[in-house]
Amino acid sequence: MKKWKINSWKNYPVKHIPEYPDKKELDKVLEKLKSFPPLVFAGETRHLKEQLANVVDGKAFLLQGGDCAESFAEFHPDNIRDTFKVILQMSLVLTYSASLPVVKLGRIAGQFSKPRSEPTETKDGAELLSYLGDNINGIEFNERSRVPDPKRLFKAYSQAASTLNLIRAFSHGGFADLKMVHTWNLGFIKKSPQAKKFKELEDLIADALAFMDACGINSDFNRRLKTVNFWTSHEALLLPFEESMTRVDSTTGEFHDTSAHFVWIGDRTRQLDGGHVEFCKGIENPIGIKCGPTSKPDEIVKICNVINTKNEKGKITLISRFGHDNVGKFLPKLIRAIKKEGLNVVWSCDPMHGNTIKSATGFKTRPFNNVVKEVKNVFSVHQSEGSFAGGLHIEMTGQNVTECTGGAQKISDQDLSHRYHTHCDPRLNASQALELAFLISDEIKKNSQYSKNIAQAAS
Ligand code: PEP
Ligand code: CO
């Protein structure tokens, strides 16, 4: 095996990384980024890996969610707060039903670059480079905006830094205190059936807290009742940027990509002999691998082996995204291949990317029913294979958008145009996300694998 270096990915073919017309400018920007403070600290990344190791052992559940693509235009504290609130609400629903801690991982604070199905986009006879994410080019359909501009990386870094700063403040500054659970509900879903169910949960929690308080156990006594760990993640797509954020941890001498706690390799860039896999071989972060219908089980096994040479628990999360009607065809084979090799992985389910369709009204959308079906099918396959359905990976927002059809609000094809704000793929809105959490909690209650784990944990 050739020796890994921070830039050895450049010796391998890479897909979905743009050509910058001004290479000198790009080098200057990257050089500057190398001198910027890391966004996360290596010790935090190690802590997340330990939490993910618990997911491998069936002792915790992973919830990963956020934007498909963060944008400069939607950068606002309210949006960050509302995404954070929905993830807290979903986590609470899941923790309560599964009696398991939930590892909270945002697709946030750096989720900008996008692999696109088509390299160019044509409108009214004009053909331009596709939009590749706000850290690369602009979404406006004009020649100037679509040229990859290295300076956008500074803006993306700064947005990621202040997003992370606010998240850290929310996580540790009292907002996430269980006593504050009634403030997590979002105005626009207050009248929905999910809000009613959540209110019931709030009341149960308030009773439990009052009881614990009477026993002398409260948030002054135990900080864990008033703080949460909230981790960040994005697709490690734009390798020049990821390289510039990769630093040696002075305490261990190991390399960490300090742009986020967790990074993943997308379904379109997970070639065994490609630059993205090469880059991820050398960094200590936990790594996600998206597995779609074109993934071959033996190839995924090889990727796991080269990235996780020590078969460390918590290092690899396999994120299946086959599409609701394809789960039975692909997932069992993948599970068996991983099991046969004795590999430690977190099994997470992305019910979004295999269920994207074009609506009759011309919008890219995802029917909520199909999202739910994929989750249910994944749970049932893991149940019959004896593996642990340990995670959920979703594109969602705390805003009242109309991007995915269906759900309790019964969003129709016609409704999609009302509040379709995404810069890339359609996201679940807060109401749909919470509804999904309740449906998963029902699955968890049915699933014997969970009952077994809970029983083991109690014994
Ligand atoms: C994504 O997660 O936004 C994405 C592009 O997913 P995938 O690589 O699974 O297509
Ligand atoms: Co997406």
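A brief look at the structure comes next.

Cut-offs applied
Residues numbered from 1 in each chain as written. Chains lettered and ligands numbered in written order. Predicted model: local features only at pLDDT ≥ 70, side-chain atom pairs only at ≥ 80, totals over all residues. Heavy atoms only, no water. Helix = DSSP H or I, 4+ residues; strand = E, 2+ residues; numbered from the N terminus. Rg over C-alpha atoms; globule rule 2.2 N^0.38 Å. Buried < 20%, exposed > 50% of the residue type's maximum accessible area, 1.4 Å probe, protein only. Contact = heavy atoms within 4.5 Å. Areas by Shrake-Rupley, 256 points an atom, 1.4 Å probe, with all protein chains shown as cover. Phe/Tyr/Trp six-rings, centres within 6.5 Å; stacked < 30°, edge-to-face > 60°. Near = heavy atom within 4 Å. Polar contact = N/O pair within 3.5 Å; in protein donor to acceptor, adjacent residues only side chain to side chain. 1 Å grid on protein atoms, 1.4 Å probe; cavity = no way out; pocket = protein on both sides within 12 Å on 5 of 7 lines; lining within 4 Å. Sits in = over half its atoms within 2 Å of the grid points. Nonpolar A, V, L, I, M, F, W, Y, C, P; charged D, E, K, R; others polar. Expected span 1.5 Å × (residues − 1). Pairing = 2+ DSSP bridges. Axes fitted to C-alpha atoms, helices over the stretch in contact; angles between N-to-C directions. Arc of directions from axis to C-beta.

Let us now look at the overall build of the chain. Within the chain, the regular secondary structure consists of 13 helices and 14 strands. Against the globule reference of 23 Å for 459 residues, the chain gives a C-alpha radius of gyration of 21 Å, in line with a compact fold. The principal-axis extents of the C-alpha atoms in the chain amount to approximately 65 × 50 × 45 Å. Counting over 459 residues, the chain shows a buried share of 57%. Taking all contacts inside the chain whose residues are at least 6 apart in sequence as the whole, residues at least 24 apart take part in 76%. Counting only carbon and sulfur atoms, one obtains 53% of the accessible surface of the chain, whose full area is about 19,400 Å².

In this structure the tally under the stated criterion is ten aromatic pairs. Arranged with centres 4.7 Å apart and planes meeting at 35 degrees, the rings of F170 and F175 form a pair that is tilted. Among the aromatic side chains, those forming a connected cluster through ring pairs are F84, F170, F175 and F230.

All residues in the neighbourhood of ligand 1 are listed as C68, R107, K114, P115, W264, G266, D267, R268, K290, R321, H353 and E395. One of the side-chain N or O atoms of R107 is found 2.8 Å from an oxygen atom in ligand 1. Between an oxygen atom of ligand 1 and a main-chain N or O atom of D267, the distance comes to 2.8 Å. Bound to the protein, ligand 1 loses 99% of the 300 Å² it would expose on its own. With respect to the detected pockets, ligand 1 is housed in the second largest pocket. Taken together, the residues of the shell around ligand 1 break down into three nonpolar, two polar and seven charged.

Before going further, it helps to examine helix 3 (residues 77-98). In this model helix 3 runs 31 Å from its N-terminal to its C-terminal C-alpha over 22 residues, within 8% of the 32 Å that 1.5 Å per residue would give. Counted residue by residue, helix 3 has 17 buried out of 22 residues, so it is predominantly covered. Once helix 3 finishes, S99 follows within two positions and takes phi at roughly 50 degrees, a positive value.

Turning to the sheet that holds strand 8 (residues 262-265), a few remarks are in order. Pairing is parallel in the closed barrel, where eight strands are placed in the order 1-2-5-8-9-10-11-14. Geometrically, the sheet is characterised by an average inter-axis angle of 25 degrees between neighbouring strands, direction not taken into account. Bridge count between strand 2 (residues 102-107) and strand 5 (residues 230-235): four bridges; the pairing is parallel. Each residue of the ladder has a partner; that of L105, found in strand 5, is W231. Each of strand 8, strand 9 (287-291) and strand 10 (316-320) is contacted by helix 9 (residues 297-307), which is oriented at about 170 degrees to strand 9, the strand it contacts most. Here helix 10 (residues 327-340) sits on the sheet in contact with strand 9, strand 10 and strand 11 (346-349), set at roughly 165 degrees to strand 11.

So, on to the pairing of strand 3 (residues 120-123). Residues in a regular strand project their side chains so that they alternate between the two faces of the sheet. Where strand 3 and strand 4 (residues 126-129) come together, four bridges link them in antiparallel fashion. Across the sheet, residue E121 finds its bridge partner in strand 4, namely L128. Between strand 3 and the antiparallel strand that follows it, strand 4, lie two residues; D124 among them carries a positive phi value of about 45 degrees.

Mapping E243 onto the fold places it in helix 7 (residues 239-244). By relative accessible area, which is 9% here, E243 ends up buried.

Right, let's get into helix 1 (residues 23-34). An ideal rise of 1.5 Å per residue puts 16 Å on twelve residues; helix 1 measures up with 16 Å between its terminal C-alpha atoms. Those residues of helix 1 that fall on the buried side of the exposure criterion are E25, L26, V29, L30 and L33. For helix 1, the angular spread of buried residues about the axis comes to 130 degrees, placing them on one side. Facing away from the buried side of helix 1 by over 90 degrees, the exposed positions are K24 and K28.

Phi is positive for H16, which is not a glycine, with a value near 65 degrees. The backbone phi angle of A109 is positive, close to 60 degrees, even though this residue is not glycine. Along the chain, the position of A109 falls in the loop between strand 2 and strand 3.

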